[in-house]
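Observations on the three-dimensional arrangement
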Amino acid sequence: MLTSDINMIKVFLSSTYKDLQIHREAVIDILNRLWCYVNAMEYFGANQSTPKELSLQRVRESNVYVGILGMRYGSIDIATNKSITHLEYLEAIKEDLKIFVYLIDEDKQPILAKHNDTGKAREALIELKEMVKSNHTTLSFTTPDDLAKKVCIDLANYLATNEVITEKKMNELVDNRLDDISRIDDKGYEFILKELGSIVEEFNDESVLRNIIECLMSLDKQTAI
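One structure accompanies this document, and this report is about it. Note that the structure is predicted; figures quoted are calculated from it, not measured.

With that settled, consider the sheet that holds strand β3 (residues 64-69). One open sheet accounts for 5 strands, arranged β2-β1-β3-β6-β7; its pairing is parallel. Pairing within the sheet leaves two strands with one partner each, and these edge strands are β2 (37-39) and β7 (139-141). Geometrically, the sheet is characterised by an average inter-axis angle of 25 degrees between neighbouring strands, direction not taken into account. As paired strands, strand β6 (residues 98-104) and β7 are joined by 3 bridges and run parallel to one another.

In the Ramachandran plot, asparagine 81 falls in the positive-phi region, its phi being about 60 degrees despite a non-glycine side chain. As for its position among the elements, asparagine 81 is in the loop between β4 (76-77) and β5 (82-83). Positive phi is not limited to glycine here, since aspartate 96 has a value of about 60 degrees.

Now for helix α4 (residues 119-135). Taking 1.5 Å per residue, 17 residues should reach 24 Å; α4 reaches 25 Å between its end C-alpha atoms and fits that length. All of the buried residues in α4 are Ala124, Leu125, Leu128, Lys129 and Val132. For α4, the arc enclosing every buried residue in end-on projection is 140 degrees, short of the 170-degree limit, so these residues lie on one face. Residues of α4 that are exposed and point more than 90 degrees away from the buried face comprise Lys120, Glu123, Glu127 and Ser134. Looking at the buried side of α4, the elements it contacts are β3, α3 (84-94) and β6.

Quick look at the pattern of salt bridges now. The final tally for this structure, using the stated rule, is 10 salt bridges. Across the salt bridge formed by aspartate 146 and lysine 150, the nearest N and O atoms sit 3.3 Å from each other. Here lysine 150 and aspartate 146 lie together in helix α5 (residues 144-161), a separation of 4 residues that amounts to about one turn. Each member of the pair, aspartate 146 as well as lysine 150, is classed as buried.

Mapped onto the fold, aspartate 96 is located in the loop between α3 and β6. In this structure aspartate 96 comes out as exposed when scored by relative accessible area, which is 68%. As for aspartate 96 and asparagine 63, which are separated by 33 residues in sequence, their C-alpha atoms are 8.6 Å apart.

Moving on: the side chain of threonine 16. As for its placement among the helices and strands, threonine 16 is situated in the loop between β1 (10-14) and α1 (21-33). A polar atom in the side chain of threonine 16 sits 2.7 Å from the side chain of aspartate 19. Aside from chain neighbours lying at most four places away, what touches threonine 16 is Arg24, Arg72, Tyr73, Gly74 and Thr85.

Contact geometry of α3 with α4 gives a least axis separation of 11 Å together with a crossing angle of 20 degrees. With respect to α4, the element α3 is oriented roughly parallel. Crossing of α3 over α4 shows left-handed handedness. Contacts between α3 and α4 involve His86, Tyr89, Leu90 and Ile93 from the former and Leu128, Met131, Val132 and Asn135 from the latter. Looking at the contact of α3 with α4 residue by residue, the classes come out as 6 nonpolar, 2 polar and no charged.

A separate point is the nonpolar core. Ranked by internal contacts, the top residues of the largest apolar core, which has 29 residues, are Val11, Leu31, Val64, Val66, Val151 and Leu155. Elements with a contribution of two residues or more to this core: β1, α1, β3, β6 and α5. Residue contributions to this core peak at 8 residues, all from α5. Setting aside residues up to four positions removed in sequence, leucine 31 forms contacts with Val11, Cys36, Val38, Val151 and Leu155. In this structure, Phe12, Val59, Tyr73 and Ile99 belong to the second largest nonpolar core, which totals 17 residues.

Along the polypeptide, leucine 31 turns up in helix α1. The class of leucine 31 is buried, set by a relative accessible area of 0%. Taking the C-alpha atoms as reference points, leucine 31 and valine 151, separated by 120 residues in sequence, lie 8.3 Å from one another.

Criteria and thresholds
- Residues numbered from 1 in each chain as written.
- Predicted model: local features only at pLDDT ≥ 70, side-chain atom pairs only at ≥ 80, totals over all residues.
- Heavy atoms only, no water.
- Pairing = 2+ DSSP bridges.
- Helix = DSSP H or I, 4+ residues; strand = E, 2+ residues; numbered from the N terminus.
- Axes fitted to C-alpha atoms, helices over the stretch in contact; angles between N-to-C directions.
- Expected span 1.5 Å × (residues − 1).
- Buried < 20%, exposed > 50% of the residue type's maximum accessible area, 1.4 Å probe, protein only.
- Arc of directions from axis to C-beta.
- Contact = heavy atoms within 4.5 Å.
- Salt bridge = Lys/Arg side-chain N within 4 Å of Asp/Glu carboxyl O.
- Polar contact = N/O pair within 3.5 Å; in protein donor to acceptor, adjacent residues only side chain to side chain.
- Parallel < 35°, antiparallel > 145°, perpendicular 65-115°, else oblique.
- Left-handed = near helix turned anticlockwise from the far one by under 90°.
- Nonpolar A, V, L, I, M, F, W, Y, C, P; charged D, E, K, R; others polar.
- Core = buried A, V, L, I, M, F, W, Y, C linked by side-chain atoms within 4.5 Å.

The structure is reproduced here in C-alpha cells:
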C-alpha cells in the first residue's frame, strides 16, 4: 500500500521491441521496484487507437521518459516518415517530461544482423542519436543488467531529489521488498563508488545511494543463483 511517504510517478519506456526485449524486461523490473507506474507497450493491451496514437497518449500521461536506443530505428509512421520511437521522444520534449536516454555501446556488444538497421533506416537512427546527444547527457550500456543499474541510479536520484520518495520510504522498500539484501562495509562501499565513477557523481543522497547499491548487489546474487 502506498503511503504519504511516496507519490507514484508515471514513467514512459520507449525503445524498439524485438532487439531490446530483454533490456526492457530488466528496466521494467527496476522501475517496479522503485514503485513507478510503468507506461510501456507490454501493458497497452487491445485498444481502438492506432499504435502511434496510443503511444503518444501514454507519453502525455507520463512524468518521466526513459528512452533506450539500440541499432534499430523502428516502425515508420507513414504520415511523418519518422519511427514511433522517434515520435515518442519528440512528444516527451513537447510535453516537457524529465528525460533519461541510454544508447547501446556499439563497440562492446555483439548485435545480430537482423537487429542492425542499414540504409535509410540507419541514417535516420544516427540522426536521432545525434539529436538526443545534443539535447541531453546520455549514458551508454552493454548488457541488460548494466542498463538496469544505470536506470535505477538515475531514477532513484530523481525520485529522492524531487521529494517523490523520502529516505524513510526508500529504506522501507529495501527492507520489505527484498528478502536477501547484500550488506557491504564502508571499505567495500568506497571501492564500488570508485568503480562506478561518474555514474554516481550527481547523486545527492548518499544514504539512499548505498541502499540502491546493496539492492543491486542482491539482484546480481539472485541472478547468479
